[in-house]
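One letter stands for each residue in the lines below.
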Amino acid sequence: MTPRNFLFTSESVTEGHPDKVCDQISDAILDEFLTKDKSSRVAAETTVTTGMALVCGEITADCYVDIPQVVRNTIKNIGYSGSTGGGFDADTCAVLTSIDEQSTDIGNGVNKAFESRNDNSDTSTFETEEIGAGDQGIMFGYACNETPELMPLPISLAHKLSYRLAQVRKSGLVNYLRPDGKSQVTVEYTDGKPSRIHTVLISTQHNPSVNGVSDNKQVQEIIKNDIKKYVIDYVFENESIKPDSDTIILINPSGRFVIGGPQGDSGLTGRKIIVDTYGGYSRHGGGAFSGKDPTKVDRSAAYAARYVAKNIVASGLAEKCEIELAYAIGVAEPVSIMVDTFGTGRISDDDISKLVSKNFDLKPAAIIKQFDLRNLPSKNGGKFYQLLAAYGHMGRTDIDVPWEHTDKASSLSEQASSCGCGCV
């Protein structure tokens, strides 16, 4: 691949962004169901707007969950409560639910993998071990060596800024902030490698007056100084590439951001899929994650694809790697697997594909078992998927995420070296 000079931009949003509010509600519902019944089938969609949250979807489970209470608790924990809610209050907003059971047609497709068996195994065990994909679709996984967590630098920095913005709000270090906020980072690439920070953009919701000051021009100056000091400088302190004298710093460029969250804009589950993954640096299959139980390959196979790509890069077989997986509803085996190292592979992409087929079981049941996807909420105090619903599902270092492990990297490197091509 010919090296290129270019600018690349990725964005992130805080947990108070209206779309992220919805993602967290949907995943909080999933966490609660899986904690009480690990075989729950959940597809929960949420929308929020001024004074209202609506949860709809299909759920089949052998337990009861107080969905309205889960919704209110999630909204309150994000920060939309009372006078700090900014026009959206966990205690007073309407919570509507419209839940049906999972379609029996879909359920039958998931429970029956179209494979022949010659034994008389118990059917329930078979369904657990060889479930079919919950839907057709394509999923992409990606990794590169731009950051320690093997993520593209722009999205990595954007997430760190958004996460820090929420930290200083919740801790009270910057006590006039409200929950909604966004970050955006533009990185300059030279010869295909990150070389400098071109632009840093942060927009943050805030109270109308700050520290007794109500004049908006003065308010924005206070905000700019505080965000620069407590968010931007803090995040970049330990980064190898830092803003320089020519870096463009934009803080609340609209001039005022008081009305935000669900009052300022409606939200919807699954509308931030690029924020959830690689910031646009890699292709995306189109499927969202939040509110879906692990039988939905939109979620589980996307995690598996990240795991494969990360282990390939961690093994030294490539500097960057993208994996595409495709599934058919009711069929366990992927219908296709594609590897693309963009010309950075130590061995050919075809040979890496053979290594992938040999070392990774990408059937839905195998993915669920390896990552323990049904038990993660109960192992983490009832809250796991909700934590992923803000600040990215990939590249997380603040929580133990199994698809971020690189336990197969050494073996992949050894196998590739043993025959020179990795084809055995």
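Residues numbered from 1 in each chain as written. Predicted model: local features only at pLDDT ≥ 70, side-chain atom pairs only at ≥ 80, totals over all residues. Heavy atoms only, no water.

K.L.:
Lay out unusual backbone geometry with the relevant residues and their values.
P.N.:
Even without being glycine, Phe 342 reaches a positive phi, approximately 55°. When you line up the elements, Phe 342 lands in the loop between β11 (336-340) and α10 (349-359). The phi angle at Tyr 391 is positive, at roughly 75°, despite the residue not being glycine. You can see Tyr 391 is positioned in the loop between α13 (385-388) and α14 (409-419). (Helix = DSSP H or I, 4+ residues; strand = E, 2+ residues; numbered from the N terminus.)

K.L.:
Can you lay out the side chain of Ser 183 for me, pointing to particular residues and giving the numbers?
P.N.:
Inspection of the secondary structure puts Ser 183 in strand β6 (residues 177-190). On the basis of relative accessibility, which here comes to 3%, the residue Ser 183 falls in the buried class. In terms of polar contacts, Ser 183 uses its side chain to reach the backbone carbonyl oxygen of Ala 158, at 2.7 Å. Residues within four places of Ser 183 in sequence aside, it is in contact with Ser 10, Glu 11, Ser 12, Ala 158, Leu 161, Ser 162, Leu 201 and Ile 202. (Buried < 20%, exposed > 50% of the residue type's maximum accessible area, 1.4 Å probe, protein only. Polar contact = N/O pair within 3.5 Å; in protein donor to acceptor, adjacent residues only side chain to side chain. Contact = heavy atoms within 4.5 Å.)

K.L.:
Which residues make up the environment of Ser 357, and what values do they have?
P.N.:
Inspection of the secondary structure assignment puts Ser 357 in helix α10. On the basis of relative accessibility, which here comes to 52%, the residue Ser 357 falls in the exposed class.

K.L.:
Go over the sheet that holds strand β3 (residues 52-60) with me, naming the residues and quoting the values.
P.N.:
The four strands lie next to each other as β4-β3-β2-β9, forming an open sheet whose pairing is mixed. Here the strands that pair on one side only, and so sit at the sheet edges, are β4 (94-100) and β9 (267-268). The pairing of strand β2 (residues 41-49) with β3 spans nine bridges and is classified as antiparallel. Paired with Arg 41 across the bridge in β3 is Thr 60. Contacts from helix α2 (residues 67-78) reach β3 and β4, with the element oriented near 130° to β4. (Pairing = 2+ DSSP bridges. Axes fitted to C-alpha atoms, helices over the stretch in contact; angles between N-to-C directions.)

K.L.:
So what's going on with the sheet that holds strand β10 (residues 320-327)? Residues and values would help.
P.N.:
An order of β5-β10-β11 is seen for the three strands of this open sheet, with the pairing classed as antiparallel. For this open sheet the edge positions go to β5 (137-144) and β11, each flanked by a neighbour on one side alone. Adjacent strand axes in the sheet meet at a mean angle of 15° when their direction is disregarded. Pairing geometry for β5 and β10, over eight bridges, is antiparallel. Pairing of Gly 137 across the sheet is with Tyr 327, part of β10. Contacts from helix α9 (residues 297-314) reach β5 and β10, with the element oriented near 30° to β5.

K.L.:
Tell me about the nonpolar core, residues and numbers included.
P.N.:
Counting 101 residues, the largest nonpolar core has Ile 75, Ile 312 and Trp 403 as the members making the most contacts within it. With 11 residues, the top contributor of residues to this core is α9. Apart from residues no more than four positions distant in its own chain, Ile 312 is found in contact with Leu 317, Ala 318, Cys 321, Ile 323, Ile 352, Val 356 and Leu 412. (Core = buried A, V, L, I, M, F, W, Y, C linked by side-chain atoms within 4.5 Å.)

By themselves, these observations are geometric and do not establish any function.
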